[in-house]
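# Results of the structural survey
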Amino acid sequence: MNRDIIIGIDAGTSLIKAVAFSLNGKELAISSTTNDYKTNSNGHATQSLNKTWENCIKVIKELREKLPDIDNKICLISVTGQGDGTWLIDKNGDPVCDAWLWLDSRSSKEAEEISKLNTENERFMATGTGMFSGQQSSQLVFMEKNHPELLDKARSAFHCKDWLYYKLTGVVATDPSESCFTFGNFRTQDYDKSVISGLGLSNRSYLMPEIINGSKKTHSLNDHASKMLGLKNGIPVALSYIDAVCTFLGSGGYEKNKDVGNSSLGTTSGHMKASLISDINPNLDLKSGYVMLLPIDNTAIQFQTNMSGMINIDWLKNLVEDIFTDFDFDFDEKKFLTNIDNWLNSSKPAKLLYHPYISEAGERGPFINSKAQASIIGLESNHKFPELIRSFVEGLCYAARECYLAMGTIPKEIRLAGGGAKSSSIRNIFSAILKTNIRTVNRKEAGAAGAAMTGSMALELYQDWDSCVNEWVKPYLGEEEVYNNKYSEVYDKMFAVYLNSRDKVVPIWDQLNKKY
């Protein structure tokens, strides 16, 4: 019987998904389950390693129920997952403690101190990545200072996908993307001793797993995992790259010899573009964002994230809902969301200015400031709700423009994904402010697809990445939407005001964050 199914696993922060694909990228079935994590007021954000593995088993077993005889058809399992954080295991392969997630802010002070070290420029130029509290580097520094007993017990410091790969294969490993933007050099694609030494972690370098490229090498599903999953042992398993890289690949961010980018307009917003490694020159003035290696020779992505994406619109929605509740009116969330296009179309551009830094965690792209806060400038008595919601959308798009400019230039075409991309009016404003053409991506599970694409290259199902992209990505791209330059001049002027006013309000953030 032909083995013609690839399973892509995408272990996110709050949701784990297993997706079955045909060899040419068609989604056959999907199974998902929530993956709970715990937070508290002291900055803790943790997740159980064992429960994450149990949830992985659960979604794969559910796929078996949805697809008859899948056991005899699987040719590959490929795994990706949430980035950053610290997942410690001991010498027996058991968890040392719950995983510290990328949301964990206990090492904020350490991240700030690292950013001021005289070795910071060298670290940033090697990794291409800004320092923040969710990274494994700052978390290990915090543990070394405050909980050395955790590191004393540990054999390896994993990321999420590394843990699942270990449970599937018994192999202690990590991928090139996370290893190099945390402790390495994206040019050498290996760990960098000067980076590790500069962080004061040379004595803990044994925690850093072997780096393997999941697009070139696989390991076999081991006996224990096969029994847990009800699958035959020996199935090839690929350790794919971080979820951001896989989402980039699966949602059309890469196309050889074409100037394209990829933006996800979700709860947070992420903006990425691929470049030859030799062309990447990290911005020392900002020291933010990431450089993430791709499983494509000599290529990496530059990645900037806005902590607050569509969560800004969610805040407006919740505000309206609260008012309705106070007056005993029924609130129709679906109608609110579908009416966004009407409000945007009934308003004129650039009437208000909004800084979209509404996350309690502040901002980390393209600048890093944990005290950043949202603000509205220019309100007058004749402004109504349509002007307000338009200013929120325009603020998100100014933030996206700033992110791309921090990476160099704005691509000639940007592929849009995420909930915000479903609105034609939001897409129109995005393209007008960034002065670029756009396409939407109709791939539902881009992260799992990118993982499966990476594994398919390891199985040599394609001669090159271009062939893989042609089958897995291009059929899911929407029509090109050419930007309307009608408002380009007014948006250019307002973008300058956006930056100028933001710089002037920074001292006020410090004052507002003081405890009186």
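Parameters at a glance
Within each chain, residues carry numbers counting from 1 in the order of the written sequence. Given that the model is predicted, a residue must reach a pLDDT of at least 70 before its local features are reported, and side-chain atom pairs must reach 80 or more before they are shown or counted; all residues, however, enter totals for whole chains, interfaces and linings. Excluded from the side-chain calculation are hydrogens and water; included are all heavy atoms of the structure. Between any two strands, at least two bridges found by DSSP are needed for them to pair. Here a helix means four or more residues in a row that DSSP labels H or I, a strand means two or more in a row labelled E, and each is numbered from the N terminus. Here, axes are lines fitted to C-alpha atoms. For helices the fit covers the stretch in contact, and angles between N-to-C directions go from 0 to 180 degrees. Pairing of aromatic side chains requires ring centres within 6.5 Å, counting the rings of Phe and Tyr and the six-membered ring of Trp. Pairs whose planes differ by under 30 degrees are stacked, by over 60 edge-to-face, and all others tilted. Three labels apply to residues, based on accessible area from a 1.4 Å probe with only protein chains included: buried if under 20% of the type maximum, exposed if over 50%, partly exposed otherwise in between. The arc in question is formed by the directions pointing from the helix axis toward the C-beta atoms. Here, residues are in contact when the closest pair of their heavy atoms is within 4.5 Å. Using protein atoms alone on a 1 Å grid, points that fit a 1.4 Å probe yet trap it form a cavity, whereas open point sets bounded by protein on both sides within 12 Å along at least five of seven lines form a pocket; residues with an atom within 4 Å of a point count as lining. Grid points are joined across faces, edges and corners, and a volume is the space filled by probe spheres set on the points. Residue polarity follows a fixed list, in which Ala, Val, Leu, Ile, Met, Phe, Trp, Tyr, Cys and Pro are nonpolar, Asp, Glu, Lys and Arg are charged, and the others, Gly among them, are polar. Each polar contact in these results corresponds to two N or O atoms within 3.5 Å; when the atoms are within protein, one needs to be able to donate a hydrogen and the other to accept it, and residues that are neighboring in sequence are counted only if both atoms are side-chain atoms.

What follows concerns the sheet that holds strand 19 (residues 299-306). Taken together, the 6 strands give an open sheet; going across it, the order is 18-19-17-16-22-23, and neighbouring strands pair in mixed fashion. Since the sheet does not close on itself, it has two edges, and those belong to strand 18 (290-293) and strand 23 (437-440), each with one partner. When strand polarity is set aside, the average angle formed by the axes of neighbouring strands in this sheet is 25°. The pairing of strand 17 (residues 269-276) with strand 19 spans 8 bridges and is classified as antiparallel. Across the sheet, residue S275 finds its bridge partner in strand 19, namely A300.

Let's shift gears to the packing of aromatic side chains. Each aromatic ring pair is characterised by the separation of its centres together with the angle its planes make. With the rule as written, the count across this model stands at 23 aromatic pairs. Residues Y357 and W509 carry aromatic rings whose centres are separated by 5.7 Å and whose planes lie at 85° to one another, so their mutual orientation is edge-to-face. Of this pair, Y357 sits in the loop between strand 20 (353-355) and strand 21 (375-377) while W509 sits in helix 18 (residues 488-512), and the two are 152 residues apart along the sequence. Each member of the pair, Y357 as well as W509, carries the same accessibility label: buried.

On to helix 2 (residues 108-115). Among the residues making up helix 2, those that are buried are E110, A111 and I114. Viewed end-on, helix 2 has its buried residues packed into an arc of 100°, placing them on one side of the element. Taken together, the buried residues of helix 2 touch helix 3 (120-127) and helix 4 (136-146).

Right, let's talk about the sheet that holds strand 1 (residues 5-11) for a bit. Read from one edge of the open sheet, 6 strands run 3-2-1-6-15-14, paired in mixed fashion. Each edge of the sheet is formed by a strand with only one pairing partner; in this case those strands are strand 3 (27-34) and strand 14 (219-220). Relative to strand 2 (residues 15-22), strand 1 is paired through 7 bridges, and the arrangement is antiparallel. In the sheet register, I9 faces strand 2, and the bridge partner there is A18. Contacts from helix 6 (residues 160-169) reach strand 1, strand 6 (74-81), strand 14 and strand 15 (236-239), with the element oriented near 160° to strand 15. This element, helix 16 (residues 446-458), spans strand 1, strand 2, strand 6 and strand 15 of the sheet and lies at about 125° to strand 6.

With the rule as written, the count across this model stands at 5 cavities of 30 Å³ or more. L265, S269, H271, N306, M310, V393, L396, C397, A400, I426 and F430 together form the lining of the largest cavity. Looking at the lining of the largest cavity, the elements that each hand over two or more residues are strand 17, helix 14 (385-406) and helix 15 (424-434). The element contributing the most residues to the lining of the largest cavity is helix 14, with 4 residues. Considered class by class, the residues forming the lining of the largest cavity number 8 nonpolar, 3 polar and no charged. Computed from the structure, the second largest cavity encloses a volume of approximately 60 Å³.

This next bit is on the side chain of S78. The residue S78 is located in strand 6 in this model. In terms of polar contacts, S78 uses its side chain to reach the backbone carbonyl oxygen of A451, at 2.7 Å.

What follows concerns unusual backbone geometry. Omega for the bond connecting G365 with P366 falls within 30 degrees of zero, at 0°, which places this linkage in the cis form. Residue placement: P366 occurs in the loop between strand 20 and strand 21. Notably, D69 is not glycine yet its phi reads approximately 60°, a positive angle. Take D69: it is sitting in the loop between helix 1 (49-66) and strand 6. What makes D69 partly exposed here is its relative accessible area of 35%. You will see that E460, though not glycine, has its phi angle at about 60°, which is positive. On the secondary structure map, E460 appears in the loop between helix 16 and helix 17 (465-472).

For the rest of this paragraph, the subject is the layout of surface pockets. In this model, the second largest pocket occupies a volume close to 640 Å³. Lining of the second largest pocket is provided by 26 residues; of these, Y254, K256, L276, I296 and T299 occupy positions nearest its centre. Residue assignment for the lining of the second largest pocket shows that the elements contributing at least two residues are strand 17, strand 19 and helix 17. Top element by residues in the lining of the second largest pocket is strand 17. It accounts for 4 residues. The residue makeup of the lining of the second largest pocket, split by class, is 9 nonpolar, 7 polar and 10 charged.

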